[in-house]
Amino acid sequence: MVFMVVAATAPLTAMSSNLSLSLGFGAGEGTLGWIVLIGVLLVFFSAGYLALARSVVSAGAYHVYVRYGLGPAAGGAAAFVATIAYNLASAGMITAAGYFTDLTLTTYVGIDLHWALYSVAALMLVWLLGFFGAGFASKVTTVISLLQFVLLAILAVAVFGRDPGSFATDGFTPGSVTSGGVALTVVFVLLSFAGYEAAATYGEECKAPGKKIKYATYLALGTLVAVFLVSTWTLSAAYDDVQGVAALDPGAVLSGAADEYLGSYAGGLIGTTVALSFLAAAVAFHNMAARYGFALGRAGLLPRALARTHPVRATPHVAVGAQVAVDVLVIVPFVLIDADPLTTVFPAISGVTSLSLVFLMVSCSLSAVVASVRGTLTGAGLLTRTLSSVAGIGLLAAGTLIVVNYEQVTGSASPAVAAMPALIVLGALAGAVAARRRSAEPGTIESGQQP
């Protein structure tokens, strides 16, 4: 469960994209302070999130958590928004895995094939891992995640060994945290923690889910905060002017530091690991999307065939196959027009997924507050309500920043990309309407039955 969360965030790719962008165009070194602040905000969010996890368990975590406090219509809206976000994210990660595999093999081996061929191979692997279950998939994602940790740790040791004094604390000062493009930094740091729901979506597949979801969520959050903090600090220490370097080419900040401190071989290793990290993220988002399909099929919000499980492996094999089909439908049009994945697929997906996740987390925080006030939330009192309220307000502010800076967040001025958030609105409306037609939601554990 921990490594499914870590895999969804893909630490190495976050370092070479979101956090490098923050160093170049956001608060610069102040990104360090914002990693800590966003980490604290997510701890506050977790108070209500995990209180809901103790009361109700489902593969569609946000769906039932929002429904628990805010009613069927809100739950249905959350369900459809999450389904859209995770399906799009899975397709995006599959595309990126193929693209970076092609880039690495072309650059370092001389094999030049179309990126879509590698994406097909990645998609088949993702389908197999989904079919065999989360236990098997977690072994693969654990290996890939550990590889990312090892590579980032080696770089940190190398930079510290050459110049320990370069690890200055300026990035934690109030002046540094509040300087530069604070709005972009908040957005990019928050996006680095995407996939935060992953632990709860596997609650039905483990024993004592209430405890395991709690431990996995906090352990994953602590791990990610530590990895992002140390790695960003390492990049800041590796350059005399990291903001200037990152502003010129954010994607080259990590690889440039690796080449300088680890040697010329590091470029190929970085490229390979980045491709693998996107594959791990694809596995994680595929599993979350498939489990939403399973949960919504069981609840009658989507075709009930999605709720079928394999007679031997007990995995949601129909939902797994359906999710792979959605990936194909999303990716094929881009292949047919020979589009560049990094300038077409990713801009559209990044904006929609970021707004979707903020919507889900704000709704979840509000649900926890309402359920706590009503006295229906197990073990939740004034502290839970207070922390959830603070988290909801903070996340709502982050969502506002995303909307205001949407073109910069997506990196695209395309009208089509700008219109993509309409999917969230349409999905929420469709989910609310579908849920109103289904007053009962079978297959979940209600508050009186402890998971």
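Residues numbered from 1 in each chain as written. Predicted model: local features only at pLDDT ≥ 70, side-chain atom pairs only at ≥ 80, totals over all residues. Heavy atoms only, no water.

Engineer: Help me get a handle on the overall build of the protein chain, residues and values and all.
Structural biologist: Within the protein chain, the regular secondary structure consists of 21 helices and zero strands. Split into buried and exposed, the 451 residues of the protein chain put 57% on the buried side. When the accessible area of the protein chain is evaluated, it comes to approximately 17,300 Å², of which 69% is carbon and sulfur surface. (Helix = DSSP H or I, 4+ residues; strand = E, 2+ residues; numbered from the N terminus. Buried < 20%, exposed > 50% of the residue type's maximum accessible area, 1.4 Å probe, protein only. Areas by Shrake-Rupley, 256 points an atom, 1.4 Å probe, with all protein chains shown as cover.)

Engineer: Tell me what's going on with the nonpolar core, and back it up with residues and numbers.
Structural biologist: Ranked by internal contacts, the top residues of the largest apolar core, which has 125 residues, are Tyr 62, Tyr 65, Tyr 86 and Phe 193. For this core, the leading source of residues is helix 6 (residues 72-108), giving 15 residues. With seven residues, the next largest nonpolar core counts Phe 80, Ala 299, Leu 301 and Ala 435 among its residues. (Core = buried A, V, L, I, M, F, W, Y, C linked by side-chain atoms within 4.5 Å.)

Engineer: Report on the packing of aromatic side chains, specifying residues and quantitative values.
Structural biologist: Applying the stated criterion across every chain yields a total of 11 aromatic pairs. On the basis of an interplanar angle of 90 degrees and a centroid distance of 5.3 Å, the ring pair of Tyr 99 and Phe 100 is categorised as edge-to-face. Neither Tyr 99 nor Phe 100 differs from the other in exposure class; each is buried. Among the aromatic residues, those joined into a cluster by ring pairs are Phe 45, Tyr 49, Tyr 62 and Tyr 65. (Phe/Tyr/Trp six-rings, centres within 6.5 Å; stacked < 30°, edge-to-face > 60°.)

Engineer: I'd like a description of the layout of surface pockets, backed by residues and values.
Structural biologist: Counted as a void, the largest pocket has a volume near 1,300 Å³. What lines the largest pocket is a set of 47 residues, and nearest its centre among them are Thr 13, Ser 16, Ser 17, Phe 278 and Phe 346. The element best represented in the lining of the largest pocket is helix 6, accounting for 10 residues. Partitioned by chemical class, the residues of the lining of the largest pocket number 28 nonpolar, 18 polar and one charged. (1 Å grid on protein atoms, 1.4 Å probe; cavity = no way out; pocket = protein on both sides within 12 Å on 5 of 7 lines; lining within 4 Å. Points joined across faces, edges and corners; volume = space filled by probe spheres on them. Nonpolar A, V, L, I, M, F, W, Y, C, P; charged D, E, K, R; others polar.)

So, to be careful, I would describe these as geometric facts and stop short of saying anything about function.
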